[in-house]
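Chain residues, written in single-letter form:
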Amino acid sequence: MAAIDLGTNNCRLMIAARANSGFRVVDSYSRIVRLGEGLQKTGELGEDAMARTLDALHTCAVRLGRRPPSGFRAVATEACRRARNGREFIRRIHDETGLRFEIISGREEAELAVESCSGLLFSSFYRGAAGTIKSASGQPAPTRGLLLDIGGGSTEIAWVRLDHGRRTHDVIGYISLPIGVITLSEQFSSHRPDDYRVMVQHVHHQLKAFETTHRINREILGGGVRVVGTSGTVTTLASLDLDLPRYSRCAIDGYHLGVMNAHKAIARLHRMGVQGMHAHPCIGSERASYVLPGCAIFEAFLSHWSSDIVVADRGLRDGLLTRMMSGNGLAGGRRNGLSGARGRQHRMPG
C-alpha cells in the first residue's frame, strides 16, 4: 500500500507492506517543495511552487509505477485548503501525473497525526539521553494524550482520550491553526531581533481558547497526560539535545525531550544564527529559515502546556498507511487515487 502527504512545505511518499507489527516500509521519498511559498501574501499557489511540486509528484508516480500498490491514498493539507486555486491545482496534478488527491480537513489531519503516533501514546517506555530507558511503571497510566504537529502552513493540536485496556484512542478536542513555519516566517519577515518573541506571543494568544475549553494544564499537572510532538521542529530540537553528528530516525523516534532541554536547544539555535543553521548537518540550507518560526510555535505550546515531550518522527503518511492496513481507511487501487499514474520514465527518482 502507498500514501502521499502533500503539505505546505514537503511532499512525502511512502510505500509499505503488511507486517506483524503493522507495516514495513518498502520505499519512501521526501522533497521540500515549498508549495505554500507566497500564499500568505497572494492567497494563491504560485506557479514556481506548483512546478516544484509537480516535479516531485512525477517522481512519486515513477516510484509507484515500479511498485504498484494494492491500496493508495493521497492527501493535500493547508496550502491547498487555503489557496483560491487549491482545487484547480489538485485537478492539474491528476491531469499531469494521474495521481488523484483529496484535500482533507484540519480535523482529519489532526486525527491522522494521532493515528501515526498511537504507538507512542501507549508505550510504557521512553528512551532518554545516552540511550537509557525510562519507564512510567509505578505511576498510573495516562488517561489523556496531547499531540502537537507543526506543519508548513498549519499547526494541529489534538486532545485525546486513551483506553489502555483496549489500546484505543478518541480525539475529544482539536485545533487546527492556520499558522505554520512558512506562514509565520512570511508574516514576520523583517528578521528584527524582537520578532521571535512577537511570534511566540502571537501563537500563544491563538491557543488560549483551547486551554480554556479543555483545562489541559490541570491534567498535565496531575500527571495524567502523555504529550507527543511530531514535526521537523521537534525532531531538530531532539537532534540538538542528543548532539547528533547527523540526523538519525532510530535515535529520535520515541526520544524523551525534557522541557528544560528543549529550551536549551532553542537557545542554542538563537546563538547559532541562520548561517550556523545552514551549516548544521541536522538542519541544512533548505530548512534553516523555518527553524526559528517552528520553535516559536513550540515555545507558545509549552507556555500553555509545560511538559516533557515524546518525540515522533512520524507523519500523515504513517497515519494513512495505518488506517489502510487496519481496514479503517480507503484501500484498493483506482478509486483511491491511483488512476494510471504516469511518471516521466526518463527521469531518475531523487
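These numbers were taken from a predicted model, which means no experiment stands behind them. (Residues numbered from 1 in each chain as written. Predicted model: local features only at pLDDT ≥ 70, side-chain atom pairs only at ≥ 80, totals over all residues. Heavy atoms only, no water.)

**Brief notes about the nonpolar core**
Core analysis: the biggest nonpolar cluster contains 50 residues, and L146, I157, F298, F301 and W305 have the highest contact counts within it. Here this core takes 10 residues from helix 13 (residues 288-304), the largest share from any one element. Ignoring anything within four residues of it in the chain, the contact list for F298 reads L148, I150, T233, V234, L237, A262, I266 and I309. (Core = buried A, V, L, I, M, F, W, Y, C linked by side-chain atoms within 4.5 Å. Buried < 20%, exposed > 50% of the residue type's maximum accessible area, 1.4 Å probe, protein only. Helix = DSSP H or I, 4+ residues; strand = E, 2+ residues; numbered from the N terminus. Contact = heavy atoms within 4.5 Å.)

**Side note on the sheet that holds strand 2 (residues 10-19)**
A sheet is described by the order of its strands in space; here five strands give the open sequence 3-2-1-4-5, paired in mixed fashion. Two strands lie at the open edges of the sheet, namely strand 3 (22-32) and strand 5 (102-103), each paired on one side alone. In this sheet, strand 5 lies alongside strand 4 (residues 72-76) in parallel orientation, the contact comprising two bridges. Across the sheet, the residue bridging to V75 is E102, located in strand 5. The strands touched by helix 2 (residues 47-66) are strand 1 (2-6), strand 2, strand 3 and strand 4; relative to strand 3, the strand with the most contacts, the crossing angle is about 150°. (Pairing = 2+ DSSP bridges. Axes fitted to C-alpha atoms, helices over the stretch in contact; angles between N-to-C directions.)

**A look at unusual backbone geometry**
Phi at R167 takes a positive value of approximately 55°, unusual for a residue other than glycine. Position of R167 among the secondary structure elements: in the loop between strand 9 (155-163) and strand 10 (168-177). Phi at D243 takes a positive value of approximately 55°, unusual for a residue other than glycine. Mapped onto the secondary structure, D243 falls in the loop between helix 10 (232-242) and helix 11 (249-252).

**Re the environment of L316**
Counting through the fold element by element, L316 comes out in helix 14 (residues 316-326). By relative accessible area, L316 is classed as buried at 4%. Excluding anything up to four places from it in sequence, L316 contacts D5, T77, I104, E109, L112, A113 and D149.

**Some details on the packing of aromatic side chains**
Tallied over the entire structure, the rule returns two aromatic pairs. Residues F210 and W305 carry aromatic rings whose centres are separated by 6.2 Å and whose planes lie at 85° to one another, so their mutual orientation is edge-to-face. Here W305 lies in the loop between helix 13 and strand 13 (309-312) and F210 lies in helix 8 (residues 195-214), a separation of 95 residues in the sequence. Seen in terms of ring centroids, F301 and W305 are 5.1 Å apart; in terms of plane orientation they differ by 65°. Their pairing is edge-to-face. (Phe/Tyr/Trp six-rings, centres within 6.5 Å; stacked < 30°, edge-to-face > 60°.)

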